[in-house]
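Survey of secondary and tertiary structure
So you can see what is in the structure, the chains are spelled out below.
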Amino acid sequence: MYDLLVIGAGPGGYVAAIRAAQLGMEVAVAEKEEALGGTCLRVGCIPSKALLETTERIYEAKKGLVGAKVQGVELDLKALMAHKERVVQANTQGVEFLFRKNGITRYQGRARFLSPHEVAVGEEVLRARYILVATGSVPLIPPWAEVDYERVVTSTEALSFPEVPRRLLVVGGGAIGLELGVVWHRLGAEVTILEYADRLLPGMDGEVSRAAERVFRKEGLGIRTGVRVKAVRPEGGEAVVELEGGEVLRADRALLAVGRRPYTEGLDLERAGLGLDERGQIPVDDHLRTRVPHIYAIGDVVRGPMLAHKASEEGIAAVEHMVGGFGHVDYGALPSVVYTHPEIARVGLTEEELKARGIPYKVGRFPYSASGRARAMGETEGFVKVLAHKATDRILGVHAIGARAGDILAEAALAIFFKASAEDLGRAPHHHPSLSEILKEAALAAWEGPLHL
C-alpha cells in the first residue's frame, strides 16, 4: 500500500507528488498520457508560450527594429513548430527526472476507483492511505458548436496548424483565445475575436482590459465584443460561425475558446463515495478534502480559477495537510497573466470587485511612458495600477498592461501575500533603471503621490 496515490500528473499532481516524497511519503502517480506534465506542459501553457515568445520576435523583425534594417524575413513554420516540440519535450523529461530523483512510482493508464481505498490503473489495482484527484480540465465544447478538430478546433489543435490560415475566427476573448489569436495574427493570419461580454478579457480589471482592446485593435486584430454566437461548424472546407441576428462569418479555421470544464470521465467517483456539484466539480473543504476524508482533490476539478500555479499551490497544501494537519493557499495572492505583448496581468481584487463588495479603496497609477527604462526599451505602452484600502492603505489589488507586466506583478503578489501597504511597497528600494520602478511609483501614487509624474 502506498502512502499517497495521485491521479493525474499535471502541474497540480506532479508537484503534489514531489512535495509528498520530500515529506517522507511513499508516492505513486497514475497518468493516462505517456508524457508527464498534463495539459499545461504538453498542450497548454508551455507550448503556447514557446509560440508567443518566438512569434513576438518574428513580428518585431517584420515591423523593423530601432537602429537596424532587417530585410527578407521569412517564416519557417516547420522550424517554429519543431522548436515548440523541443521545449515541450525538455519540460516533460524534466518531470520524469524529478520523479526518479524523488523515488516516485509512475503508472501509465486511465485510473478508476474500485472503492474508497482502491484504484485500478489498467490491470493494476493500487491501494493507498491517501488519494489525490488532480485530473485537470479539457476544452469546453458547448452544444451549439460542432468541432471536427480540423476546421473547427480547440486550443490543442490551434497550437499545431500545418499552415498559417488566411482567416481565423476566435470564439472567446479570454486569455486562451487572445494568446492564440495573437500568435497567428503575428504570422500573417487575418484574425477576428468574438467575445460575448462587453469587453475583451472580462476577468481582468476593466480599465486594463479596455486598454488592451485599444492596443490590439491598433495592431490590426479584429475584435468584436457583445456578440452572441449561435452556431459554429465546419462546412465546405471552411469554418462557419453564425451570430445572433442572422450574420454569418466564414474563415479557413475557427478556434473555440469559450472556457474549460473539469475532466472526471471514467473515474467512477461514485465507487469512492464521491459525486460532482452542479458545475461538474468535486466539492472540497478549505483543506482540499472531499467528503471522504482521505481523498483530496485539487486544481481544475475543484472550485476557483483554472490556473496551473493555483493547482500547484493546492497540491502542496493538500499534501502538507495530510502529513502535518495544516495546509493553506492564499487565493487572494494568486496572479494571472495573459502572455501577449504587451502582457496583461492581475493579482488581488479588481476595481469592479471592490465596488461590488462595498470596500472603500484608493487608486494609484503610473504609466510606462514616464519610466526611463521603458523609454530606453521603446516600450512606453501601458501602466501599472495599485488599489489600496482607503483607511488602512493595505494593498488589495494590482493590475498592469505593458512589457513584462507579469514579472513586475510577482512582487505585487508577494506584497499582497504578506499584507503589505501601498506605503510599504512605495518605500521599498527598487533598482534603477528598471520596469519594477513603475510598480513602486504606482504604489506611491496610491499612498501619497508619485515622485516622477
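Residues numbered from 1 in each chain as written. Predicted model: local features only at pLDDT ≥ 70, side-chain atom pairs only at ≥ 80, totals over all residues. Heavy atoms only, no water.

Regarding the sheet that holds strand β9 (residues 167-171)
In spatial order, the strands read β8-β15-β9-β10-β11; together these five strands make up an open sheet with parallel pairing. Each edge of the open sheet is held by one strand with a lone partner, namely β8 (152-153) and β11 (222-225). Sheet topology note: the strand β10 (residues 190-195)/β11 ladder contains four bridges and is parallel. Considered in β11, the bridge of Thr192 is made with Gly222. Packing against the sheet, helix α6 (residues 175-186) makes contact with β9, β10 and β15 (253-256), and its axis sits at approximately 165° to β10. (Pairing = 2+ DSSP bridges. Helix = DSSP H or I, 4+ residues; strand = E, 2+ residues; numbered from the N terminus. Contact = heavy atoms within 4.5 Å. Axes fitted to C-alpha atoms, helices over the stretch in contact; angles between N-to-C directions.)

Some points on the packing of aromatic side chains
Counted according to the given criterion, the structure contains four aromatic pairs. Consider the rings of Tyr2 and Tyr107, whose centres lie 6.2 Å apart with planes at 80°: the pair is edge-to-face. A residue pair is termed long-range when its members are at least 10 positions apart, and Tyr2 in strand β1 (residues 2-7) and Tyr107 in strand β3 (residues 105-108) qualify at 105 residues. In this pair, the class of Tyr2 matches that of Tyr107, namely buried. (Phe/Tyr/Trp six-rings, centres within 6.5 Å; stacked < 30°, edge-to-face > 60°. Buried < 20%, exposed > 50% of the residue type's maximum accessible area, 1.4 Å probe, protein only.)

Thoughts on helix α11 (residues 405-417)
Here α11 spans 18 Å end to end across 13 residues, near enough to the 18 Å set by a 1.5 Å rise per residue. Every buried residue belonging to α11 is among Ala405, Gly406, Ile408, Leu409, Ala412, Ala413, Ala415 and Ile416, and all of these are buried. Summarising the contacts, the buried residues of α11 are in contact with β18 (336-338), β19 (343-348), β22 (395-402), α12 (422-427) and α13 (436-447). A positive backbone phi angle near 60° is found at Lys419, which sits one or two residues after α11. (Expected span 1.5 Å × (residues − 1).)

Overview of the environment of Leu114
Tracing the backbone through its elements, the reader meets Leu114 in strand β4 (residues 111-115). Separated by 13 residues in sequence, Leu114 and Arg127 place their C-alpha atoms 9.9 Å apart. When neighbours within four sequence positions are excluded, Leu114 is seen to be in contact with Val119, Ala120, Val125 and Arg271.

Digging into the packing of helix α3 (residues 45-63) against α6
Orientation of α3 relative to α6, taken along the N-to-C sense of each, is 35°, at an axis distance of 9 Å. Relative to α6, the crossing made by α3 is left-handed. Contacts between α3 and α6 involve Ser48, Lys49, Leu51, Leu52, Thr55, Glu56, Tyr59 and Lys62 from the first element and Glu179, Val182, Val183, His185 and Arg186 from the second. Residue composition of the contact of α3 with α6, by class: five nonpolar, three polar and five charged. (Left-handed = near helix turned anticlockwise from the far one by under 90°. Nonpolar A, V, L, I, M, F, W, Y, C, P; charged D, E, K, R; others polar.)

Quick notes on a nonpolar patch on the surface
A cluster of nonpolar side chains, namely Leu65, Val70 and Val73, defines an oily patch on the protein surface of about 200 Å² accessible area. Within the secondary structure layout, Leu65 lies in the loop between α3 and α4 (77-101). Using a relative accessible area of 39% as the deciding quantity, one classes Leu65 as partly exposed. (Patch = residues over 30% accessible without salt bridge, like charges linked within 9 Å, V, L, I, M, F, W, Y side chains within 5 Å. Areas by Shrake-Rupley, 256 points an atom, 1.4 Å probe, with all protein chains shown as cover. Salt bridge = Lys/Arg side-chain N within 4 Å of Asp/Glu carboxyl O.)

Side note on the sheet that holds strand β20 (residues 361-367)
Sheet architecture is open: five strands sit in the order β18-β19-β22-β21-β20, paired in antiparallel fashion. Two strands close off the open sheet at either side, each with one partner strand: β18 and β20. Going across the sheet, the axis of each strand differs from the next one's by a mean of 10°, ignoring polarity. Two elements, strand β21 (residues 383-389) and β22, share six bridges in a ladder whose sense is antiparallel. The residue bridging Leu387 from the neighbouring strand is Gly397, located in β22.

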